[in-house]
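# Structural features, examined
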Amino acid sequence: MWCQLKTLTHEMIIGHGVQGRRMFPNCNFRIYGLLPSTFYCCALEVRCVDNFKYSFDTATNRFVVNGSAETDGNKRIYCYQDSPLLGSGLMRGPVSFKTLKFTTAQQTDGNVLELKLGQKYQLVLHLIELSDDRTEPNKCLE
């Protein structure tokens with residue numbers, strides 16, 4: 001479904017409310033090729049695609065550039081609620097980020113990510129392999 005929406009330049013509207021809105025459709029990942037007995041931390045990054053701000057032009061039914069993007073330097077990273085997990089647990093079924101919410105209000109809650117209006121974002125999954133004592137990252141897979 002995500003691939004079909006991408007070709008249509010899918011727009012998701014987010015509100016100013018403190019509670020935020022959930023992503024639709026939910027973002028689920030199937031993960032393979034991990035070491036079953038190694039612990040991993042799983043995180044989803046929401047990354048700006050470009051340096052432009054967009055608005056919808058009703059005359060052409062398209063999104064058009066409407067200025068420069070607002071840059072705030074904030075990292076938009078959401079840690080998977082069950083992390084860290086063994087590789088066998090991550091490969092067992094889909095990893096779902098259905099509890100992730102977005103808002104335009106400034107947030108301190110780790111469950112809600114702040115996005116800027118009219119900007120395009122891309123989702124990036126990060127898998128961080130942890131050391132045996134689960135305190136140090138060994139490597140990060142993107």
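Reference entry: report on the structure contained in this document. (Residues numbered from 1 in each chain as written. Predicted model: local features only at pLDDT ≥ 70, side-chain atom pairs only at ≥ 80, totals over all residues. Heavy atoms only, no water.)

### Some words on the overall build of the chain
In terms of helices and strands, the chain carries two helices and 12 strands. Ordering the α and β elements of the chain from the N terminus gives α-β-β-β-β-β-β-β-α-β-β-β-β-β. Taking all 142 residues of the chain together, the buried fraction comes to 32%. Sequence-distant contacts in the chain: of pairs separated by 6 or more residues, those separated by 24 or more amount to 67%. Taken as a whole, the chain presents about 9,300 Å² of accessible surface, with 52% of it coming from carbon and sulfur. (Helix = DSSP H or I, 4+ residues; strand = E, 2+ residues; numbered from the N terminus. Buried < 20%, exposed > 50% of the residue type's maximum accessible area, 1.4 Å probe, protein only. Contact = heavy atoms within 4.5 Å. Areas by Shrake-Rupley, 256 points an atom, 1.4 Å probe, with all protein chains shown as cover.)

### With respect to the side chain of Glu-114
Following the sequence through the fold, Glu-114 ends up in strand E10 (residues 112-114). We classify Glu-114 as buried; its relative accessible area is 14%.

### A word on the side chain of Lys-116
Within the secondary structure, Lys-116 is located in the loop between E10 and strand E11 (121-130). Overall, Lys-116 belongs to the buried group, its relative accessible area being 16%. Of note is the side chain of Lys-116, whose polar atom sits 3.1 Å from the side chain of Glu-114. (Polar contact = N/O pair within 3.5 Å; in protein donor to acceptor, adjacent residues only side chain to side chain.)

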